[in-house]
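# Coordinates in review
This is what each chain is made of:
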Amino acid sequence: QGMKYLVTKGYPHLWAEDMELCEEGGCLPGADPSKVSDRARKRGVSQVGTMGAGNHYCEVQVVDEIFNPEAAEVMGLTRVGQVCIMIHSGSRGLGHQVCTDYLLELDKE
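No experiment lies behind these values; they were computed from the predicted model shown.

Further remarks concern the overall build of the protein chain. Assigned secondary structure in the protein chain consists of four helices and two strands. Along the protein chain, from the amino end to the carboxyl end, the secondary structure elements read α-α-β-α-β-α. Relative to its length of 109 residues, the protein chain is extended, with a C-alpha radius of gyration of 17 Å against a globular reference of 13 Å. Its C-alpha atoms give the protein chain principal-axis dimensions of about 50 × 35 × 30 Å. Per-residue burial for the protein chain yields a buried fraction of 15% across its 109 residues. Put simply, of all contacts in the protein chain between residues at least 6 apart along the chain, 58% involve residues at least 24 apart. Distance between charge centroids for the protein chain: 14 Å, based on 10 positive and 16 negative side chains.

With that settled, consider the side chain of Q97. Inspection of the secondary structure puts Q97 in helix α4 (residues 92–108). Since its relative accessible area comes to 7%, Q97 is described here as buried. For Q97, the side chain forms a polar contact with the side chain of R43, separated by 2.9 Å. Apart from the residues within four sequence positions on either side, Q97 is in contact with S37, R39, A40 and R43.

Before going further, it helps to spend a moment on a nonpolar patch on the surface. Together, V60, V62, V83, I85 and I87 give the surface a local cluster of nonpolar side chains, amounting to about 500 Å² of exposed area. Of all the elements in the fold, those that place two or more residues in the nonpolar patch are β1 (57–62) and β2 (83–88). The element contributing the most residues to the nonpolar patch is β2, with three residues. Relative to the assigned elements, V83 resides in strand β2.

Each value, and the rule that gives it
Residues numbered from 1 in each chain as written. Predicted model: local features only at pLDDT ≥ 70, side-chain atom pairs only at ≥ 80, totals over all residues. Heavy atoms only, no water. Helix = DSSP H or I, 4+ residues; strand = E, 2+ residues; numbered from the N terminus. Rg over C-alpha atoms; globule rule 2.2 N^0.38 Å. Buried < 20%, exposed > 50% of the residue type's maximum accessible area, 1.4 Å probe, protein only. Contact = heavy atoms within 4.5 Å. Lys, Arg positive; Asp, Glu negative; His and termini not counted. Charge placed at Lys NZ, Arg CZ, Asp CG, Glu CD. Polar contact = N/O pair within 3.5 Å; in protein donor to acceptor, adjacent residues only side chain to side chain. Patch = residues over 30% accessible without salt bridge, like charges linked within 9 Å, V, L, I, M, F, W, Y side chains within 5 Å. Areas by Shrake-Rupley, 256 points an atom, 1.4 Å probe, with all protein chains shown as cover. Salt bridge = Lys/Arg side-chain N within 4 Å of Asp/Glu carboxyl O.

Right, here's the structure in full:
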């Protein structure tokens with residue numbers, strides 16, 4: 001169920017409206033949560049809906065020039081002077097742990 005599950009369980013910082021703005025509605029087809037280790041789940045549960053640290057940021061930007069009008073329109077960038085937000089947060093502890101778990105599996109082979 002992806003993000004829908006988290007919203008129905010009442011995780012802080014998550015709202016149903018956010019699913020509309022997430023890739024694949026917050027649930028990737030074919031994803032198998034049973035493949036995520038308990039350690040990864042424990043590392044990720046407190047980070048859901050948070051920004052993080054390091055190179056993670058939320059930046060307010062202003063459209064200065066539109067180089068590709070068709071691509072810009074798809075992203076909702078329709079005019080010079082428009083204010084927009086860029087966010088980079090990554091998957092933090094959960095993503096790092098999932099990667100570590102599977103790298104260890106590959107090392108076994």
